[in-house]
Amino acid sequence: MSRAARPTHGVVSLPALDLRTEPRHAAELGSQLLMGEVVRLLRRGPDGGWVRVRNEADGYTGWVRAWGLVEANAARVGRWRDRAKGVVSVPLAQVRTGKGSGAAVSPVFFGDRLIVGRAVGGFRPVELPDGRRGFLPVAALAGKRRPTIEDRVLSLLGTPYLWGGRTPAGYDCSAFVQQVLLEQGVALPRDAKDQCRRSRRLAAGVEPRVGDLIFFRRPGESASHVGIALGGGYFAHSRGRVQVATLERGNPLCDLDLLPQSMGWYRPR
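Note that this is a predicted model, so its numbers are computed, not measured.

1. Quick look at the pairing of strand β13 (residues 133-137)
In β13, alternate side chains face the same way, and those of G134 and L136 are buried while those of R133, F135 and P137 on the opposite face are not. In this structure, strand β12 (residues 123-127) lies alongside β13, joined through five bridges in antiparallel fashion. Of the residues in β13, the one forming a bridge with V126 is G134. Connecting β12 to the next strand, β13, in antiparallel fashion are five residues, including G131 with a positive phi near 95 degrees.

2. A word on the state of the cysteines
With the rule as written, the count across this model stands at zero disulfides. Of all cysteine sulfurs in the structure, the one in C196 sits closest to C173, which takes part in no disulfide; the separation is 12 Å. Residue classification places C173 among the buried positions, given a relative accessible area of 7%. We classify C196 as buried; its relative accessible area is 12%.

3. A look at the environment of D212
The topology assignment puts D212 in the loop between β16 (199-201) and β17 (213-216). At 2.8 Å, the side chain of D212 forms a polar contact with the side chain of R267.

4. Observations concerning the nonpolar core
Membership of the largest hydrophobic core comes to 24 residues, with the highest contact counts inside it found for F176, V177, L213, F215 and I228. Only α2 (149-156), α3 (173-183), α4 (192-197), β17, β18 (225-231) and β21 (262-268) provide two or more residues apiece to this core. It is α3 that provides the largest number of residues to this core, a total of six residues. Discounting residues that sit within four places of it in the chain, L213 has contacts with V177, L181, L188, S199, V226, G227, I228, G264, W265, Y266 and P268.

5. Some remarks on the packing of aromatic side chains
Both the distance between ring centres and the angle between the ring planes are used here to describe each pair of aromatic rings. Scanning the model with the defined rule gives four aromatic pairs in all. On the numbers, 5.8 Å between centres and 45 degrees between planes, the contact of F216 with F235 is tilted. Placement of the pair is F216 in strand β17 and F235 in strand β19 (residues 234-239), with a sequence separation of 19 residues. Exposure class is identical for F216 and F235. Each is buried. Seen in terms of ring centroids, F235 and W265 are 6.4 Å apart; in terms of plane orientation they differ by 75 degrees. Their pairing is edge-to-face.

6. Re the pattern of salt bridges
Taken as a whole and assessed by the stated rule, the structure comprises 14 salt bridges. Linking R197 and D194 is a salt bridge whose minimum nitrogen-to-oxygen distance equals 2.6 Å. Of this pair, R197 and D194 both sit in helix α4, three residues apart, which is roughly one turn of that helix. By relative accessible area, R197 is classed as exposed at 56%. In this structure D194 comes out as partly exposed when scored by relative accessible area, which is 26%. In this structure, R267 and D212 form a salt bridge, with 2.8 Å as the shortest nitrogen-oxygen distance. Linking R267 in strand β21 with D212 in the loop between β16 and β17, this pair joins segments that are 55 residues apart in sequence. Like R267, the residue D212 is buried in the burial classification.

7. Observations concerning the sheet that holds β21
The strand order β16-β21-β17-β18-β19-β20 describes an open sheet built from six strands, whose pairing is antiparallel. Where the open sheet ends on each side, the last strands, each with one partner, are β16 and β20 (241-246). Each strand of the sheet is rotated relative to its neighbour by a mean of 35 degrees, with strand direction disregarded. Relative to β20, β19 is paired through six bridges, and the arrangement is antiparallel. Residue F235 lies in a different strand from β20, and its bridge partner there is A245. Against the sheet, α3 contacts β17, β18, β19, β20 and β21, and its axis sits at roughly 40 degrees relative to β18.

Rules of the game
Think of each chain on its own: its residues are numbered from 1, step by step along the sequence as written. Given that the model is predicted, a residue must reach a pLDDT of at least 70 before its local features are reported, and side-chain atom pairs must reach 80 or more before they are shown or counted; all residues, however, enter totals for whole chains, interfaces and linings. Heavy atoms throughout the structure, all of them, feed into the side-chain values; hydrogens and water do not. Only protein chains enter the accessibility calculation, which uses a 1.4 Å probe; a residue is then buried when its area is under 20% of its type maximum, exposed when over 50%, and partly exposed in between. Secondary structure counts use DSSP, requiring at least four H or I residues in a row for a helix and at least two E residues in a row for a strand, with both numbered from the N terminus. Here, strands pair whenever DSSP counts at least two bridges between them. Any two cysteine sulfur atoms within 2.5 Å of one another count as a disulfide. Within 3.5 Å is the distance limit for a polar contact, defined as a pair of N or O atoms, with the added protein rule that one can donate a hydrogen and the other accept it, and that residues adjacent in sequence qualify only through two side-chain atoms. Here, the term nonpolar core denotes a set of buried Ala, Val, Leu, Ile, Met, Phe, Trp, Tyr and Cys residues that are joined through side-chain atoms within 4.5 Å. Throughout, a residue-residue contact means that at least one pair of heavy atoms, one from each residue, lies within 4.5 Å. Only rings of Phe, Tyr and Trp enter the pairing, Trp through its six-membered ring, and a pair is recorded when the two centres are within 6.5 Å. The plane angle decides the type: under 30 degrees is stacked, over 60 is edge-to-face, the rest tilted. Between Lys or Arg on one side and Asp or Glu on the other, a salt bridge is scored when a side-chain nitrogen of the former is within 4 Å of a carboxyl oxygen of the latter. Only the stretch in contact is used when fitting a helix axis, every axis being a line fitted to C-alpha atoms; angles between N-to-C directions are given from 0 to 180 degrees.

Right, here's the structure in full:
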């Protein structure tokens, strides 16, 4: 294979692909990649089974197993981007070989991206990045009208906290915020400290609106926790699980542990 023909990119072909800090399964889970996301190939591990990549969606880097990628050159990646317009809009769905029946092809998570065909009988044919095909219910895919932030939060309540998690099987705080706001067209960095830098603090007395952010930190540290404003002083965050909280003393939803760590309300730039 000539140098010009070597793949420079990869398309994630699993519902979620673990992005680790080192090329081994026991290493820390730094983040996850979602099906259909495009990564830049940076370098390979000694045995070729691990690849260091950079997620082109948010710039996050780490090591993934090569089996979770379809490697491609820039031209093929461009074709994928042009065709993969279907986005999963439910927490979890199952691609099957038939319309509502047949063998399972793959689970898919909220935010996964696929190639979709014309709807027939309440189902749409879909194609995964590695060429596997099947069907999904029309209701499992994003339509012309996106859900409100409040409705999306309701659909994710109770999702367990997972350090590095980016799916409804487990979110950390910043990934929860990142994915909920991305659906609204707001692209944020991966980590809370970087999300804070990308936002401006609201002046005292300014009422936060739905979709604004609230950040927290321990003394001497940068922002390490984040939630999404829901209005009325309430916010949604992933802490133990995805839940709704407030900093209003006396309210049963008040998070007393976070109260002294609050940095205030911010608005994404």
